[in-house]
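# Structure assessment
Residues per chain, in single letters:
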Amino acid sequence: MKTATSTLRTGAALIALLALTACDNMNSTQQRMLSGGAAGAVVGTVGTVMTGGCVACGAAIGGAVGTGAGYVIDKMDKDHQ
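Presented here is a report on the structure given in the accompanying data block. The structure presented is a predicted model; accordingly, all values stated were derived computationally and were not measured.

Analysis parameters
- Residues numbered from 1 in each chain as written.
- Predicted model: local features only at pLDDT ≥ 70, side-chain atom pairs only at ≥ 80, totals over all residues.
- Heavy atoms only, no water.
- Helix = DSSP H or I, 4+ residues; strand = E, 2+ residues; numbered from the N terminus.
- Rg over C-alpha atoms; globule rule 2.2 N^0.38 Å.
- Buried < 20%, exposed > 50% of the residue type's maximum accessible area, 1.4 Å probe, protein only.
- Expected span 1.5 Å × (residues − 1).
- Contact = heavy atoms within 4.5 Å.
- Polar contact = N/O pair within 3.5 Å; in protein donor to acceptor, adjacent residues only side chain to side chain.
- Salt bridge = Lys/Arg side-chain N within 4 Å of Asp/Glu carboxyl O.

What follows concerns the overall build of the protein. Assigned secondary structure in the protein consists of three helices and zero strands. Its helices and strands in sequence order give the protein the pattern α-α-α, from N to C terminus. For the protein, whose C-alpha radius of gyration is 15 Å, the value lies well above the compact-globule estimate of 12 Å for 81 residues. Taken along the three principal axes of its C-alpha coordinates, the protein extends 55 × 30 × 15 Å. Burial analysis of the protein (81 residues in total) assigns 15% to the buried set.

Here we take up helix α2 (residues 28–51). In this model, α2 (24 residues) spans 34 Å end to end at C-alpha, consistent with the 34 Å of a helix rising 1.5 Å per residue. Regarding α2, the residues found buried are Thr29, Gly36, Gly37, Gly40, Gly44 and Thr48. Summarising the contacts, the buried residues of α2 are in contact with α3 (55–79). Where α2 begins, the side chain of Asn27 points an oxygen toward the backbone nitrogen of Thr29, at a separation of 3.1 Å. Directly after α2, the chain includes Gly52, whose backbone phi takes a positive value near 80 degrees.

Now for the pattern of salt bridges. Taken as a whole and judged by the stated rule, the model has three salt bridges. Close ionic contact of Asp77 with Arg32 constitutes a salt bridge, the shortest N to O distance being 2.3 Å. Taken together, the residues Asp77 in helix α3 and Arg32 in helix α2 connect sequence positions 45 residues apart. Given the relative accessible area of 33%, Asp77 is considered partly exposed. Taking relative accessible area as the criterion, Arg32 reaches 32% and is therefore assigned partly exposed. Measuring nitrogen to oxygen at the nearest pair gives 3.3 Å for the salt bridge that ties Asp74 to Lys78. Separated by four residues within a single helix, Asp74 and Lys78 lie in helix α3, roughly one turn from each other. Using a relative accessible area of 2% as the deciding quantity, one classes Asp74 as buried. A residue is classified by how much of its surface remains accessible, and Lys78, at 39% relative accessible area, is partly exposed. By sharing partners, the salt bridges in this structure join Arg32, Asp74, Asp77 and Lys78 into a single network.

Structure representation (structure tokens):
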């Protein structure tokens, strides 16, 4: 029987593998939105775990904010070039 830690490690490894291969044919805007969304989801999850809130809600809100931030940052960079 698998333990929760082993399942978590397997899931993390699969997500990392997907993240490494999924960005191959993306443009810079898509890559920044994806990385911003992933970072936002992690920060939202950690924040809600630490404060005792709704973990799924924190991940969803953090992911949405991170995706938006990635889009805005990419557009700002393109405007300044």
